[in-house]
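Each chain, letter by letter, is given below.
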Amino acid sequence: MNDDEMKPRDHAEAVALFRAQVVGDLVARNLDRGELRAELEEKAQQRFRPPGSAVTRQYSVPTLQRWYYRLRRGGHEKLRPKLRSDRGTAQNISDELRTFLLDVRREYQSMSAELILYTLVRFGRVVQGTISANTVRRLYRDHGLSRVSKRHQTPGKKRLRWEAARPGMLWHADVCHGPKLSIDGESKPLRIHGILDDHSRYVVALVAVHSEREVDMLNVWTQALRRWGKPQTLYLDNGSTYRGEVLRISCERLDVRLLHAEAYDPQARGKMERFWRTLRERCLDHLPEKATLHDVQIRLLAFLDEWYHQAPHSGLIGETPSQRWGSRELPAIDERTLRNALVVHGERRVSNDGVVSVGGQLWEVPGTRMAGRKVVIERTLVAPDEPPWIHYEGRRLQLTPLRVLDNARRRRPEPPKKRVAIDMLPYFDPMEPLVDAAVGRTPKKAGER
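Everything in this summary refers to the structure shown in the same document. (Residues numbered from 1 in each chain as written. Predicted model: local features only at pLDDT ≥ 70, side-chain atom pairs only at ≥ 80, totals over all residues. Heavy atoms only, no water.)

1. Topic: the overall build of the protein chain
- Scanning the protein chain for helices and strands turns up 14 helices and 12 strands.
- A separation of at least 24 residues holds for 62% of the contacts in the protein chain among residues at least 6 apart in sequence.
- Carbon and sulfur atoms make up 49% of the accessible area of the protein chain, which totals about 29000 Å². (Helix = DSSP H or I, 4+ residues; strand = E, 2+ residues; numbered from the N terminus. Contact = heavy atoms within 4.5 Å. Areas by Shrake-Rupley, 256 points an atom, 1.4 Å probe, with all protein chains shown as cover.)

Now the structure itself:
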């Protein structure tokens, strides 16, 4: 016979054998109901040490009674503990909190469950003592989101999690392609232009339009500047919408640094992509069948004000975008500075009838002295409906829209009188005054010979 030690196969069998030992002596005796009740009450006052525990504990009469009948009917195998059908789901975690904890783990793969839970408790997102770090850790393990040490991350392009130090230090700008809109029987594209603050995830501008042009981006950009002031840096992708000279020069005039992400690297724009995903799930995917741009814009603002800015953000570990955005200190921009930053100019030749073309529209140049000449025309994109102007001989001349019908009824000035040429004068001799002076002769009157 070998010296191998007889041990339970597993912890479940050890528990079953322990329970059988506690109530086994009662099964061996033929007790009536009253006697059994008295014996169970007596055992309920005793203390037992379950397998794997360092302390003793008591068991209630209903628990002991349940063990007794199971042992009688099926032996110690019936005393094996059953696995919960919801094992690993953490019953004391709500569905909303569970989703939030999983989102936090996806954002912070190297952060421990203890630190995540501590941070959420500090921000008031979780009541202290309601869940344990082991519960959170088990939740992550069951969803395949166990902690990943930075030393053991997947090899390849090295990515480090980063965040701006304060609100207004860095803004992201991007465009989201929404579902097509059916307006008056015509299908039109939906483009959502947005600007997001990196530190707080606060959305400083969100506008719905039908196009994806540079002028659309400039409109959203100026809205954010007017309302909040200017950031230190504007971070964009490499699309043609963000590569125009107007945006580049205007940022230089405003002393805003312009950065572009590397081409074909969407992970570098992860924060903006994360916001677009949330916007689609909670807003864009639920647009009515016949929504207008006005309807979409109202829904975007309601989404921001009533939910997104007030909801705890997984990337902020429990803080809301509004809470972080509240500590902002952005330099304000006056209207004159903003207008000057977005002044564009171009060279045009004035036609013989004093007209130039700007932005697909004909404009009249005041006066007639510039007909046929090249002039430099300026206009501000802050107010695209404002007439352009030119600088001429130190003066700023405002152009006026061409009114063809008004010009047809306008009274023309009379032509100037024709001047008499020199060779048509009756008599002209340049030397005669000199001769008269030399001989002392009185000069002749005009017309005399």
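On we go from here.
2. Focus on the pattern of salt bridges
- Taken as a whole and judged by the stated rule, the model has 18 salt bridges.
- K43 serves as the salt-bridge partner of D25, at 3.4 Å between the closest nitrogen and oxygen. Of this pair, D25 sits in helix 1 (residues 11-27) while K43 sits in helix 2 (residues 33-44), and the two are 18 residues apart along the sequence.
- Classification of D25 by relative accessible area gives partly exposed; the value is 37%. (Salt bridge = Lys/Arg side-chain N within 4 Å of Asp/Glu carboxyl O. Buried < 20%, exposed > 50% of the residue type's maximum accessible area, 1.4 Å probe, protein only.)

3. Thoughts on helix 7 (residues 214-228)
- If you check helix 7, its first and last C-alpha atoms are 21 Å apart, about what 15 residues at 1.5 Å a residue would give, namely 21 Å.
- Residues of helix 7 that are buried: D216, M217, L218, V220, W221, T222, A224, L225 and W228.
- G229 occupies a position one or two residues after helix 7 and carries a positive phi of about 100 degrees. (Expected span 1.5 Å × (residues − 1).)

4. Remarks on the layout of surface pockets
- Volume-wise, the second largest pocket comes out at about 480 Å³.
- In this structure, the second largest pocket is lined by 20 residues; those nearest its centre are D103, R274, R282, W307 and P312.
- Going through the elements one at a time, helix 4 (95-107) and helix 9 (270-282) are the ones with two or more residues in the lining of the second largest pocket.
- When residues of the lining of the second largest pocket are assigned to their parent elements, the largest contribution, 7 residues, is made by helix 9. (1 Å grid on protein atoms, 1.4 Å probe; cavity = no way out; pocket = protein on both sides within 12 Å on 5 of 7 lines; lining within 4 Å. Points joined across faces, edges and corners; volume = space filled by probe spheres on them.)

5. A few points about the side chain of S250
- The residue S250 is located in helix 8 (residues 245-253) in this model.
- With relative accessibility at 0%, the residue S250 sits in the buried group.
- With near-sequence residues (within four places) excluded, S250 lies in contact with W221, A341 and L342.

6. So, the sheet that holds strand 11 (residues 395-398)
- Across the sheet, which stays open at both edges, the 4 strands sit in the order 6-9-10-11 with antiparallel pairing between neighbours. Where the open sheet ends on each side, the last strands, each with one partner, are strand 6 (343-349) and strand 11. Put simply, the sheet's adjacent strands are angled 35 degrees from each other on average, direction ignored.
- Of the strand pairs in this sheet, strand 10 (residues 389-392) and strand 11 are connected by 4 bridges, and their pairing is antiparallel. Paired with I390 across the strands is L397, a residue of strand 11. (Pairing = 2+ DSSP bridges. Axes fitted to C-alpha atoms, helices over the stretch in contact; angles between N-to-C directions.)

7. What about the sheet that holds strand 1 (residues 170-183)?
- In spatial order, the strands read 3-2-1-4-5; together these 5 strands make up an open sheet with mixed pairing. Unpaired on one side and paired on the other, strand 3 (203-209) and strand 5 (257-260) mark the two borders of the sheet. This sheet shows a mean twist of 25 degrees between the axes of neighbouring strands, independent of strand direction.
- Pairing between strand 4 (residues 233-236) and strand 5: 4 bridges, direction parallel. Bridged to T233 within strand 5 is R257.
- Packed on one face of the sheet, helix 7 meets strand 1, strand 2 (186-197), strand 3 and strand 4 and runs near 145 degrees to strand 3.

8. A closer look at the environment of V27
- Of note, V27 is situated in helix 1.
- According to the relative accessible area criterion, V27 is partly exposed, its value standing at 27%.
- As for V27 and Y69, which are separated by 42 residues in sequence, their C-alpha atoms are 8.4 Å apart.
- Setting aside residues up to four positions removed in sequence, V27 forms contacts with Y68, L71 and R72.

9. Observations concerning unusual backbone geometry
- Although it is not a glycine, D184 sits at a positive phi angle of roughly 55 degrees.
- With respect to the helices and strands, the residue D184 is situated in the loop between strand 1 and strand 2.
- Although it is not a glycine, D255 sits at a positive phi angle of roughly 65 degrees.
- Following the sequence through the fold, D255 ends up in the loop between helix 8 and strand 5.
- Take D255: its relative accessible area is 61%, and that puts it in the exposed class.

10. Describing the environment of R379
- The topology assignment puts R379 in strand 9 (residues 374-380).
- Expressed as a C-alpha distance, the spacing of R379 and V343, which sit 36 residues apart in the sequence, is 5.5 Å.
- Residue contacts for R379: discarding those within four places in its chain leaves L342, V343, V344, V358, P388 and W389.

11. Some remarks on the nonpolar core
- Counting 30 residues, the largest nonpolar core has W171, I195, V204, W221, L234 and L247 as the members making the most contacts within it.
- Among the secondary structure elements, those contributing two or more residues to this core are strand 1, strand 3, helix 7, strand 4, helix 8 and helix 12 (335-341).
- Discounting chain neighbours no more than four positions away, the residues touching L234 are W171, A173, M217, W221, L247, C251, V256, R257, L258 and L259.
- Of all hydrophobic cores here, the second largest spans 22 residues; its members include L181, L287, V296 and Y308. (Core = buried A, V, L, I, M, F, W, Y, C linked by side-chain atoms within 4.5 Å.)

12. Considering the pairing of strand 4
- Across the two faces of strand 4 the burial is the same, with T233 and Y235 and L234 and L236 all buried.
- In the sheet, strand 1 pairs with strand 4 via 3 bridges, with the strands oriented parallel. Along strand 4, the bridge assignment pairs L170 with T233.
- Traced from strand 4 through helix 8 to strand 5, the parallel crossover comes out right-handed. (Right-handed = clockwise from strand over helix to strand, strands pointing away.)

13. Observations regarding the packing of aromatic side chains
- If you walk through the whole model with that rule in mind, you get 15 aromatic pairs.
- Ring geometry for Y59 against W67: centres 4.9 Å apart, planes inclined by 55 degrees, an arrangement best described as tilted. Side by side, Y59 and W67 carry an identical accessibility label, which is buried.
- What links up through ring pairs into an aromatic cluster is the set F275, W276, F303, W307 and Y308.
- Directly above the ring of W389 sits R396, whose terminal nitrogen or CZ lies 3.7 Å from the centroid. (Phe/Tyr/Trp six-rings, centres within 6.5 Å; stacked < 30°, edge-to-face > 60°. Lys NZ or Arg CZ within 6 Å of the ring centre and 35° of its normal.)

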